[in-house]
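Take a look at the letters that make up each chain.
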Amino acid sequence: MNLVNFNSSSNCRILLRCFLIVWCLVALNTVGPVIRESDQASLVAGAYALVSGQADFSSPGFYIYDKQFGSYWFLSLVIEVARGVLGLAVDDPFTVLTITNAGACLFFLSGIVAMLWNIRARGVICIAVISVLLGPVLLFSAPLASSNIISAGAVGWLVVLIRSHYVNTWVSGIILGLLGWLAVSCRVDAVLLIPAIVWCLSPRPTFRGFLCWRQGWILAASGFLAIVMGRSLTERASGSFYDFFFFPKIFAAYLTFGLGVGGLLLLLTFIWRMVREASFGKARRRVTYGIGVLVLLMPFSIYAPQFFTPRHLLTTAMGLLIVVSSSRGAALLITLASGQRRLACTMLLVSTLVPMVVGVRMLDATRPSVVLLDPTLFPTTDGLWPMGSYGSFLFKLRNAKECPFDHNQRVWNAVATVEFPSTEDGVVPIYRTPMSAYLGLGAVLQGKYPIISREKGFLEKNPFVICDERSLRRRLVYLSDVKAKDSGVAELAAFTKERISLESEWEAIIRCEAPSDFENVTDSEIEFRIELASVFGGDPYVVWSLDKDSVFHATGQDFGKKVIIASSEPFEMLVDGERTASQTMLDVPGEVAFEGYIIPRVIECQQAFHLVSSGQGKVFVAVSELPLFMSVNNL
């Protein structure tokens, strides 16, 4: 804890710079051919289509192009440089991911390091910066290509320019406008950070001083220009808000394991200090710090009612970095009483460093245990995130291609093995699912034109459609939903299906084709896998095939998960040495009807399932990706 006693700004600056170097090396070492969410796939596919001439820069119809067109342009430049200057084969699925991830990561790291390299860091400020940088939202987002990361890199550079000695020249005004335009064009929610930049960096900390600061108006004008330009590039603007989504358990998990305990404590500390100053300070300070509370909470409050992923906290984390690295924000921590400052340093340091090596594993919500490896993972729209043990998860992220840890990598590995069929004019019809952007990226890299839709009549207009098996079997659970029926998923269930990905044990890619006789569709391995969806009731799960005399070993990571051993014919297994016969679903109380035989279990220890006999049917082992207390049915 000697760091707490550092009174020398130079010593703390040296320590912070050493940390920044190590932090960058870790982030760059994690970069690889990893994909985590459909937004990333859409972004890379669009950038590649622009470079290869498959789409125009004006109104290409890409995913939310009006709100992140700068990110598409940035990644297209990265791909062009990699192909033209470095001579890399950018049409390889894994190479293009590595290139785009590396390009976005390098730009982000450069902006953050430039912003923090020369700040006047006292002990508490140094620890506060480390707490934000080691937060999961930055750790796990930095090595991936995303509009959030690219925009954050631009924000870092514009903060550097504002702090420079040349900020009042006309040349710097133009560059500042370009950087503000780039930040907002890469991701429109960067406008939420402009008030924080004005509050922290304007020379006069008064309401009138904020309004009169010329650089603030340059940023506002450049951001407005980016928004208008985005609207002009698309025929139809995308929505600014998603559906309302707020569940207390999910909100708490995303906030705690997204921003990190250290980052959350820092946010609360700043709010407490600003509220205190606004309540008890002089009249001018009350206004100043009252505004400070609003600008600090603005990025968080916008996303709070539509909190689909911890990645939405990235603007909040950037706001914290801007505030804590500014003299105005740092003063709130430095002026703490010595005892309060020592307590704040200790709490921030412990709550930041301990989760890097220690995690939580929960068999259910009431029985947590402390572990060093394999903590419980929780679901987000960016795949699975860990409850602590962030250091070990970074190694998983780095090796995700060889050792997939969630469905994102498994589906992408399957996509990478597919030669996509197409119509005579090169069109690949893709049935829209949460994973369809992955298939679209695979088709674009092969020079083909994906059309992704789920509209009524889409199936009838095309001789076949491509779909991922995982999404199809999950959607079939909701056949009672009128929207699902209208979208054609019920009809798609009757289509003949052929697995076209080479790796059948991954989340397969399938070709669906309308049969000549809808009443004479024969069962297949794919059909049986899809049937398993009803057993899991909409929860995500993974399926493997099991041969006679083979063994499935449940590990500690599987605690609290449902495992179903299933076959279309009766079979027997040794479950932890005890011979167990399969049973029909109709004999299992509380379960749904299922045309097959199963052995259901909830894993509570490291169990072994040894297949000893089976009939003519193939035997599958299906394991839920999440513990039962995280079931979608428990929300």
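Residues numbered from 1 in each chain as written. Predicted model: local features only at pLDDT ≥ 70, side-chain atom pairs only at ≥ 80, totals over all residues. Heavy atoms only, no water.

A. Summary view of the nonpolar core. Core analysis: the biggest nonpolar cluster contains 164 residues, and Trp 23, Leu 133 and Leu 321 have the highest contact counts within it. Per element, the largest residue contribution to this core is 13 residues, and it comes from helix H4 (residues 93-116). Among the nonpolar cores identified, the runner-up in size contains 15 residues, and Ala 554, Phe 571, Met 573 and Val 575 belong to it. (Core = buried A, V, L, I, M, F, W, Y, C linked by side-chain atoms within 4.5 Å. Buried < 20%, exposed > 50% of the residue type's maximum accessible area, 1.4 Å probe, protein only. Helix = DSSP H or I, 4+ residues; strand = E, 2+ residues; numbered from the N terminus.)

B. A look at the packing of helix H9 (residues 194-201) against helix H14 (residues 283-303). Following both chains from N to C, one finds H9 and H14 inclined at 145 degrees, their axes separated by 8 Å at the closest point. Here H9 and H14 pass one another in a crossing that is left-handed. Note on element contacts: H14 touches H9 through Thr 288, Tyr 289, Ile 291, Gly 292, Val 295 and Met 298, opposite Pro 195, Ala 196 and Trp 199. In the contact of H9 with H14, the residues fall into seven nonpolar, two polar and no charged. (Axes fitted to C-alpha atoms, helices over the stretch in contact; angles between N-to-C directions. Left-handed = near helix turned anticlockwise from the far one by under 90°. Contact = heavy atoms within 4.5 Å. Nonpolar A, V, L, I, M, F, W, Y, C, P; charged D, E, K, R; others polar.)

C. Spotlight on the environment of Glu 80. Turning to its location among the elements, Glu 80 is positioned in helix H3 (residues 65-84). Accessibility expressed as a relative area gives 36% for Glu 80, which makes it partly exposed. Separated by 33 residues in sequence, Glu 80 and Ala 47 place their C-alpha atoms 9.6 Å apart. Other than its neighbours up to four places away in sequence, Glu 80 contacts Val 51 and Val 85.

D. Expanded view of the pattern of salt bridges. Across all of its chains, the model carries 18 salt bridges by this definition. Of the charged contacts in the structure, one is a salt bridge between Arg 36 and Asp 406, with a shortest N-O distance of 2.7 Å. Pair noted here: Arg 36 is in the loop between helix H1 (9-30) and helix H2 (38-52) and Asp 406 is in the loop between helix H18 (390-398) and helix H19 (407-415), with a separation of 370 residues, a long-range link. Here Asp 406 falls in the buried class, since its relative accessible area comes to 0%. Here Asp 39 makes a salt bridge to Arg 311, at a shortest N to O gap of 3.7 Å. You can see Asp 39 sitting in helix H2 and its partner Arg 311 sitting in the loop between H14 and helix H15 (314-324), a full 272 residues away along the chain. The exposure classification of Asp 39 matches that of Arg 311, with both residues buried. What emerges from the salt-bridge pattern is a single network uniting Glu 37, Asp 39, Arg 311 and Asp 382. (Salt bridge = Lys/Arg side-chain N within 4 Å of Asp/Glu carboxyl O.)

E. Expanded view of H19. Of all nine residues in H19, nine are buried; the element is thus mostly enclosed. Turning to H19, its buried residues number three or more, namely His 407, Asn 408, Gln 409, Arg 410, Val 411, Trp 412, Asn 413, Ala 414 and Val 415. The backbone nitrogen of Asn 408 lies 3.0 Å from a side-chain oxygen of the residue at the head of H19, namely Asp 406. (Polar contact = N/O pair within 3.5 Å; in protein donor to acceptor, adjacent residues only side chain to side chain.)

F. How the structure looks around the pairing of strand E9 (residues 509-513). Alignment of strand E7 (residues 465-468) against E9, held across four bridges, turns out to be antiparallel. Bridging from a neighbouring strand, Cys 467 pairs with Ile 510 of E9. Bridge count between strand E8 (residues 496-499) and E9: four bridges; the pairing is antiparallel. Counterpart to Glu 498 in the pairing with E9 is Arg 511. (Pairing = 2+ DSSP bridges.)

G. Examining the sheet that holds strand E10 (residues 541-546) more closely. Strand order in the open sheet formed by five strands is E10-E18-E12-E16-E15, and the pairing between neighbours is antiparallel. Looking at the sheet topology across the chains shown, the edges are occupied by E10 and strand E15 (583-584). Relative to strand E16 (residues 597-602), E15 runs antiparallel, the two being bridged by two bridges. Along E16, the bridge assignment pairs Gln 583 with Ile 598.

H. Broad picture of the confidence of the model for the protein. For the protein, per-residue confidence averages 85 on the pLDDT scale, and 90% of positions sit at 70 or higher. Considering only residues more than four positions removed or in separate chains, one finds that residues 1-6, a stretch of pLDDT under 50, has eleven contacts. Overall, residues 518-522 carries pLDDT values under 50, and its contacts beyond four positions in sequence, including any with other chains, amount to seven contacts. (pLDDT = per-residue confidence, 0-100.)

I. Main features of the packing of aromatic side chains. One pass over the structure, following the stated rule, counts 24 aromatic pairs. Where Phe 140 meets Trp 385, the ring centres are 5.4 Å apart and the plane angle is 85 degrees; that geometry is what we call edge-to-face. Of the two residues, Phe 140 is situated in helix H6 (residues 136-141) and Trp 385 in strand E4 (residues 383-386); the sequence distance between them amounts to 245 residues. Residue class for Phe 140 comes out buried when judged on its relative accessible area of 3%. Here Phe 257 and Phe 378 contribute two aromatic rings whose centre-to-centre distance is 5.9 Å and whose plane-to-plane angle is 45 degrees, an arrangement assigned as tilted. Here the residue Phe 257 occupies a position in helix H12 (residues 248-259), and Phe 378 occupies one in strand E3 (residues 377-380), the gap between them amounting to 121 residues. (Phe/Tyr/Trp six-rings, centres within 6.5 Å; stacked < 30°, edge-to-face > 60°.)

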